[in-house]
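Notes for the structure review
So you can see what is in the structure, the chains are spelled out below.
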Amino acid sequence: MPGTNGLEALIKFVVLTMHEEREYVQKALKAGADGYLLKNIDRVELEKAIHTVYEGGKYFSPAITAILADTVANPSSSPEASEITPREKEVLTLVADGHSTKQIADQLKISIRTVETHRINMLKKMGVNNSAELIRKAFELGLLN
């Protein structure tokens, strides 16, 4: 491979998929994708994408470019942010303020189990594994100030 070594070639990849939902695009980009194409493209576009990525660039189908532009223009409109309920946001705010589960339950007049359920639901919705990641992502999405 002239001009590159095998390791550099290994870390470049293009996703070819039928999924055009924002969450799939974001996950692919976080995984390191250099391109994202929908399966309905023609051969010429596929060749152009492969060539562009091989040369060190990025390549996205027009529909994916629109999704990416919308994500940048409206970060708080992401699926994760829109799926958070008002009660979950209350719990999230109190978690971010450093309150314990018991303190949150007492303040909101709900059970400890309900607080834990809200926290678990938010972890799933936001695609994170713990409260620290949840708070970081909430700040990124503009859910917390």
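See the structure shown above.
Attention here is on the structure that accompanies the text. Small disclaimer: the values here were computed from a predicted structure and weren't measured.

Observations concerning helix α6 (residues 86-96)
The complete set of buried residues in α6 reads Glu88, Val91, Leu92, Leu94 and Val95. End-on view of α6: buried residues confined to an arc of 165°, all on one side of the axis.

A closer look at the sheet that holds strand β3 (residues 59-60)
Taken in spatial order, the three strands line up as β1-β2-β3 in an open sheet, and their pairing is parallel. Every other strand in the sheet has two partners, leaving β1 (14-17) and β3 as the edge strands with one partner each. Sheet topology note: the β1/strand β2 (residues 35-38) ladder contains four bridges and is parallel. Of the residues in β2, the one forming a bridge with Val15 is Tyr36.

A word on the pattern of salt bridges
For the structure shown, the criterion picks out six salt bridges. Put simply, Lys58 and Asp34 hold a salt bridge, and the shortest N to O gap is 2.9 Å. In this pair, Lys58 sits in the loop between α3 (43-54) and β3 while Asp34 sits in the loop between α2 (22-30) and β2, placing the two residues 24 residues apart along the sequence. Residue class for Lys58 comes out exposed when judged on its relative accessible area of 51%. Overall, the relative accessible area of 11% leaves Asp34 in the buried class. The residue Arg87 makes a salt bridge to Glu90 at a minimum N-O spacing of 3.1 Å.

Procedures and definitions
- Residues numbered from 1 in each chain as written.
- Predicted model: local features only at pLDDT ≥ 70, side-chain atom pairs only at ≥ 80, totals over all residues.
- Heavy atoms only, no water.
- Buried < 20%, exposed > 50% of the residue type's maximum accessible area, 1.4 Å probe, protein only.
- Helix = DSSP H or I, 4+ residues; strand = E, 2+ residues; numbered from the N terminus.
- Arc of directions from axis to C-beta.
- Pairing = 2+ DSSP bridges.
- Salt bridge = Lys/Arg side-chain N within 4 Å of Asp/Glu carboxyl O.

That is the geometry; function is a separate question.
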